[in-house]
Amino acid sequence: MRFLGGLVGLMLSLSATAQSPIYNYLDADYVEAENKAGDEATGFGVTLSLPFPNSNNFIYGRYSTVDFETALGDVEVERLRGGLGFASNVRGNASLYTLFTYEKVDTQGSGKDDGFGSELGLRLELGQYFELGAAARYLDLDQAGNDLGFEAQLVAKLTDGFGIYVAYEDLYENTELRLGIRLTTTD
């Protein structure tokens, strides 16, 4: 119990010196995925977030493609998300954000699906070198229906403009583990 208390104290002391999270970044990642049937996939993804000048609003976009190895052969799945978000500082080092997206999924051999999504998340700067993020996502696709999922992310900042990260997402009983690099700028 003292270990947990010490860990919480350390996180709070680190976060007291941190700045607010930045919404001006470019991510590139390697993706490992697994669908609800247990089929595994690998691929890549790219994410871009750009804030509006002198505003808490930002534009968000993500593209990813993975190749599932199924009993019937390889199946490529492409996902595209694009939308608008709003971020609000809740402390000097924490940001609460909402994101509203249009999403498109193209599954080789099964066709295309699209719909709208929303996300509510919290990003927390833990000192100068780490950022922790968590989000709840709601997605309503025309054919697949709707689902509530989550995403968690840890970013390690190696320099002011460069970092590495790991992210985990669970949505529609499909999971993704992403390992990537992040480029940021404060301009």
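An account of the accompanying structure is given in this report. (Residues numbered from 1 in each chain as written. Predicted model: local features only at pLDDT ≥ 70, side-chain atom pairs only at ≥ 80, totals over all residues. Heavy atoms only, no water.)

Some words on the pairing of strand β10 (residues 174-184)
Part 1 of the reasoning: Pairing geometry for strand β1 (residues 25-34) and β10, over 10 bridges, is antiparallel. Looking across to β10, one finds that L26 is bridged to L183.
Part 2 of the reasoning: Pairing analysis gives 10 bridges linking strand β9 (residues 162-171) to β10, with the strands arranged antiparallel. Paired with F162 across the two strands is L183, which belongs to β10. (Pairing = 2+ DSSP bridges. Helix = DSSP H or I, 4+ residues; strand = E, 2+ residues; numbered from the N terminus.)

A few points about the nonpolar core
Most often, soluble globular proteins keep nonpolar side chains buried together rather than apart.
Part 1 of the reasoning: Of all hydrophobic cores here, the largest spans 11 residues; its members are V31, A33, A41, V66, F68, V77, V105, L139, L141, L171 and Y172.
Part 2 of the reasoning: Look past the residues within four positions of F68 in its chain and what remains in contact with it is A33, E34, N35, D39, E40, A41, G73, D74, V75 and V77. (Core = buried A, V, L, I, M, F, W, Y, C linked by side-chain atoms within 4.5 Å. Buried < 20%, exposed > 50% of the residue type's maximum accessible area, 1.4 Å probe, protein only. Contact = heavy atoms within 4.5 Å.)

What to know about the packing of aromatic side chains
Part 1 of the reasoning: Within this structure, the stated rule accounts for 6 aromatic pairs.
Part 2 of the reasoning: Each ring, one from F44 and one from Y63, has its centre 6.2 Å from the other, and the planes form 55°; the classification is tilted. Here Y63 lies in strand β3 (residues 57-70) and F44 lies in strand β2 (residues 40-51), a separation of 19 residues in the sequence.
Part 3 of the reasoning: Residue class for Y63 comes out partly exposed when judged on its relative accessible area of 30%.
Part 4 of the reasoning: Three or more aromatic residues joined by ring pairs make a cluster, and in this case those are Y23, F58 and Y97.
Part 5 of the reasoning: In this structure, R123 packs its charged tip against the face of Y23, placed 4.4 Å from the ring centre.
Part 6 of the reasoning: Taking NZ or CZ as reference, R182 lies 5.7 Å from the ring centre of Y165, over its face. (Phe/Tyr/Trp six-rings, centres within 6.5 Å; stacked < 30°, edge-to-face > 60°. Lys NZ or Arg CZ within 6 Å of the ring centre and 35° of its normal.)

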